[in-house]
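One-letter residues, chain by chain:
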Amino acid sequence: MNDLLSSKNAVFKTYVFYAVVLIIKMFLMSLLTGFTRYKKKTFISPEDVGLATQGKVKYDDPDVERIRRAHLNDVENIPIFLITGILFVLSNPNEFLAMTLIRLYTAFRILHTIVYTMIIIRQPARALMFSCGLIINLTMCVLIVIKFFHV
Ligand SMILES: N[C@@H](CCC(=O)N[C@@H](CS)C(=O)NCC(=O)O)C(=O)O
């Protein structure tokens, strides 16, 4: 176990790197929400209104809500991947397969945000990005169970 969770293990290093990428990505969603609120002068609380001239309290700005939904979708999915990922590393998986799954998962989550908030493409683009991430997470779960329980 010590060797699996060490910088000597290429799979663990890949996991750590992409986990950090996804964590920073989620923080950026908070910043993007704040920036969009400021740009649109629509704030969540009365004490924030003075931050911009002609600011107002508004709970249903479509642009702000879109970014909030993308962020919420990250909150629903990425922490699960972070847990699955560490269990996956501990299962000592095939190096190439593991690194590919981790990289692909990160790419699909970033693409999910892009098609949800930046270049809004018609469905099923977003559903596809979401589903690919979900399938990767589920694949890792199955591989973990197979490895630990020899099923
Ligand atoms: N909480 C999600 C569960 C299903 C889900 O995550 N769907 C993906 C693919 S359509 C999605 O991007 N949902 C949009 C969202 O969570 O705002 C929802 O209400 O839509």
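Residues numbered from 1 in each chain as written. Predicted model: local features only at pLDDT ≥ 70, side-chain atom pairs only at ≥ 80, totals over all residues. Heavy atoms only, no water.

**Student:** What is the right way to look at helix α4 (residues 125-149) in this model?
**Tutor:** Three- or four-residue spacings in an α-helix give side chains the same orientation, since the helix completes a turn every 3.6 residues. Counted at 1.5 Å a residue, the expected span for α4 with its 25 residues is 36 Å, and the 36 Å between its end C-alpha atoms agrees. Against α2 (62-90) and α3 (95-118) lie the buried residues of α4. His150, located one to two residues past α4, shows a positive phi value of around 50°. (Helix = DSSP H or I, 4+ residues; strand = E, 2+ residues; numbered from the N terminus. Expected span 1.5 Å × (residues − 1). Contact = heavy atoms within 4.5 Å.)

**Student:** What exactly am I supposed to notice about the site of the ligand here?
**Tutor:** Close to the ligand lie Arg69, Asn73, Glu76, His112, Tyr116, Gln123, Arg126, Ala127 and Phe130. With respect to the ligand, the side chain of His112 contributes an N or O atom lying 2.8 Å from an oxygen atom. Within the side chain of Tyr116, one N or O atom sits 2.7 Å away from an oxygen atom of the ligand. The fraction of the free accessible surface of the ligand (440 Å²) that becomes covered by protein chains is 60%. Counting only elements with at least two residues in the shell around the ligand, the list comes to α2, α3 and α4. Among the residues making up the shell around the ligand, the classes are represented as 3 nonpolar, 3 polar and 3 charged. (Near = heavy atom within 4 Å. Polar contact = N/O pair within 3.5 Å; in protein donor to acceptor, adjacent residues only side chain to side chain. Areas by Shrake-Rupley, 256 points an atom, 1.4 Å probe, with all protein chains shown as cover. Nonpolar A, V, L, I, M, F, W, Y, C, P; charged D, E, K, R; others polar.)

**Student:** What should I look at first to understand the pattern of salt bridges in this one?
**Tutor:** When the charged atoms of two side chains with opposite charge come close together, those side chains can pair. Across all of its chains, the model carries 7 salt bridges by this definition. Across the pair Lys8 and Asp3 runs a salt bridge, and its minimum N-O distance is 3.5 Å. Residue Lys8 is classed as exposed on the basis of its relative accessible area, which comes to 70%. By relative accessible area, which is 52% here, Asp3 ends up exposed. Between Asp61 and Lys40 there is a salt bridge, with the nearest N and O atoms lying 3.0 Å from each other. Of this pair, Asp61 sits in the loop between β2 (56-57) and α2 while Lys40 sits in helix α1 (residues 10-40), and the two are 21 residues apart along the sequence. Residue class for Asp61 comes out buried when judged on its relative accessible area of 4%. Overall, Lys40 belongs to the partly exposed group, its relative accessible area being 28%. (Salt bridge = Lys/Arg side-chain N within 4 Å of Asp/Glu carboxyl O. Buried < 20%, exposed > 50% of the residue type's maximum accessible area, 1.4 Å probe, protein only.)

**Student:** Sorry, what's going on with the confidence of the model for the protein here?
**Tutor:** Low pLDDT means the predicted coordinates in that region are not meant to be read closely. On average, residues of the protein carry a pLDDT of 96, and 99% of them reach 70 or more. Both scores are given for the predicted complex: the pTM is 0.95, the ipTM 0.98. (pLDDT = per-residue confidence, 0-100.)

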